[in-house]
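# What the coordinates show
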Amino acid sequence: MDMENFREWAVKCAEWGVSYRELVESRPVRSSVSPGEIRVQLPALPPEEGETFQSIFNDFERIIMPGITHWQHPNFFAYFPANAAPPSVLAEMLVANLASQCMIWQTSPAASELEEVMIRWLGKAVGLPNHFGVIEDTASTATLGAIMTMRERAFEWQGNELGLSGLNQVRVYASSEVHSSIDRAIWVAGIGQQNLVRVPINGENRAIDVDALRHQIVMDQRIGMLPAGIVICFGGTSCGSTDNIEEVQQVAREFNLYTHVDAAWAGSAMICDELRENWNGIEDADSIVFNPHKWLGAQFDCSIHFVKDRETTLKTLAIHPEYLKTYERQNFVDFCEMTIPLGRKFRALKLWFLLRSYGLKSLREKIRNHIQWARDLSQRFKNEMDFELVTEPQFSLFTFRYHPEEYLGDLDELNQRLVARINDAGSIYLSSTRVDGKLVIRFQVGQFDTKRHHVMQAGNLICETARRLSR
Ligand SMILES: *Cc1c(COP(=O)(O)O)cnc(C)c1O
């Protein structure tokens, strides 16, 4: 591609992006293609000869677009949001062109120093002024780093050196509500699923039962296990379960355990002062992850991993091959020492653009609105006789299910059918989960272009579809 061609298409792609965002609401939220439908339209072999960009772009629109689910659609209420606010998209366009590798300071000094400042800005914004941190791709990566740190700290930094086979069995504790990325981190860190101890939950927040936690740790110590750390659930993915951080930190202090807080989704809401009490005790947490790429508006991927003591992480993950050394310089950070991947995108730029363009005030306003609208809609499901609010809103997520009084069939099956019917129709998108064994429907408000009327109309649509279904 020559530069003239590049210029023409750079402009066209940018314009395409703007129109896409302007008109996204007119599209069905979830793609309606069947499995394999996209694949069969693609040639089996890569081309030998280059093709014109026009023909590539035509195929993008013709073949790819029908198979896209629209996460920037204001009627996206499934999973969690993956907001890509326009200023962060513009930053990504610049970053795609720079294409710098930001592993060490000298491979892009501005990226490294902007990253330091963005970590500090966000730390202040969410009430973590004393934590250091690093920007990662995803919460899963940050959690793996934290679990490895937990393990190495318990082993006094022998695991990386000796391997795990000769060492004691470490144990990590978490409630049943933590994300599957914790399990995977436990597998990859060589700790083993059976050493991830699931502690029961209690209360409306479905929080880890700290007495049961304490009891479990004591029992494990008695049989010669090595308790290493606790993963704290802050806004769980299924229904927003939230542990009492202060109480868990107390247990961690008693047993000298490392803590990692998974706040991937709900962490963004901590920019709102009035919500900050939900994470009282957070300043004592050793490690915290939250994803600005979910609720804060930073184009995917962008996950912040805060750590209280940088040295603990460095002792676990830093490695200094000769070919990555910087001589004769001081007072800089090589961020790759704190992460598992070496190569790193310039992710700080989109945070800088985002935070400056919106300002914290308007980001707070968005989050407050989302929470209020979720509360309003949850109230409706509480009032409708044939619906059941299963879990109260945690931030902007609640779960409910359709439960007509006279219905004799299987309620799980009925609700599964309801979600499928709604998603097939395409005007809104929902997902489901299980709460205490029951299949329930999740509803979260968090897409940046969502307005109150979208949420309320979604409520109408759910009620109408449900009643037609059971008739
Ligand atoms: C989304 C989510 C994750 C996983 O996030 P990735 O960035 O996709 O790895 C982990 N924990 C919670 C609570 C989440 O909501």
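In what follows, the structure referred to is the one given above.
Residues numbered from 1 in each chain as written. Predicted model: local features only at pLDDT ≥ 70, side-chain atom pairs only at ≥ 80, totals over all residues. Heavy atoms only, no water.

## A look at the environment of Ser26
Examined against the element boundaries, Ser26 turns out to sit in the loop between helix 1 (3–23) and helix 2 (53–64). When the C-alpha atoms of Ser26 and His73 are compared, they prove to be 8.9 Å apart, with 47 residues separating the residues in sequence. There is a polar contact of 2.6 Å between the side chain of Ser26 and the backbone oxygen of Leu23. (Helix = DSSP H or I, 4+ residues; strand = E, 2+ residues; numbered from the N terminus. Polar contact = N/O pair within 3.5 Å; in protein donor to acceptor, adjacent residues only side chain to side chain.)

## As for the site of the ligand
As a matter of local geometry, the ligand sits amid 14 residues, with Ala139, Ser140, Asp262, Asn291 and Lys294 nearest to it. Between the ligand and the protein, one listed contact pairs an oxygen atom with a side-chain N or O atom of Ser140 at 2.5 Å. One nitrogen or oxygen atom from the side chain of Thr237 is found 3.1 Å from an oxygen atom belonging to the ligand. Summarising the interface, the protein chains cover 88% of the accessible area of the ligand, which totals 390 Å² for the free molecule. Counted by class, the shell around the ligand contains four nonpolar, eight polar and two charged residues. (Near = heavy atom within 4 Å. Areas by Shrake-Rupley, 256 points an atom, 1.4 Å probe, with all protein chains shown as cover. Nonpolar A, V, L, I, M, F, W, Y, C, P; charged D, E, K, R; others polar.)

## With respect to the sheet that holds strand 9 (residues 303–307)
The seven strands lie next to each other as 1-9-8-7-6-2-3, forming an open sheet whose pairing is mixed. If you trace the sheet from one side to the other, it starts and ends with strand 1 (132–136) and strand 3 (196–199), each paired once. Between one strand and the next, the sheet's axes are offset by a mean angle of 20°, whatever the strand orientation. Relative to strand 9, strand 8 (residues 287–290) is paired through four bridges, and the arrangement is antiparallel. Bridge pairing links Ile288 to Phe306 in strand 9. Helix 7 (residues 180–188) contacts strand 2 (170–175), strand 3, strand 6 (226–233) and strand 7 (258–262) of the sheet and is inclined by roughly 155° relative to strand 3. (Pairing = 2+ DSSP bridges. Axes fitted to C-alpha atoms, helices over the stretch in contact; angles between N-to-C directions. Contact = heavy atoms within 4.5 Å.)

## Structural notes on the packing of aromatic side chains
For the coordinates displayed, the defined rule picks out 29 aromatic pairs. Judged by centre distance (6.0 Å) and plane angle (65°), the ring pair of Tyr358 and Phe448 falls under edge-to-face. Taken together, the residues span a long stretch of sequence, with Tyr358 in helix 11 (residues 348–383) and Phe448 in the loop between strand 13 (438–444) and helix 13 (452–470) at a distance of 90 residues. Taking the relative accessible area as the measure of exposure, Phe448 reaches 7% and is therefore buried. (Phe/Tyr/Trp six-rings, centres within 6.5 Å; stacked < 30°, edge-to-face > 60°. Buried < 20%, exposed > 50% of the residue type's maximum accessible area, 1.4 Å probe, protein only.)

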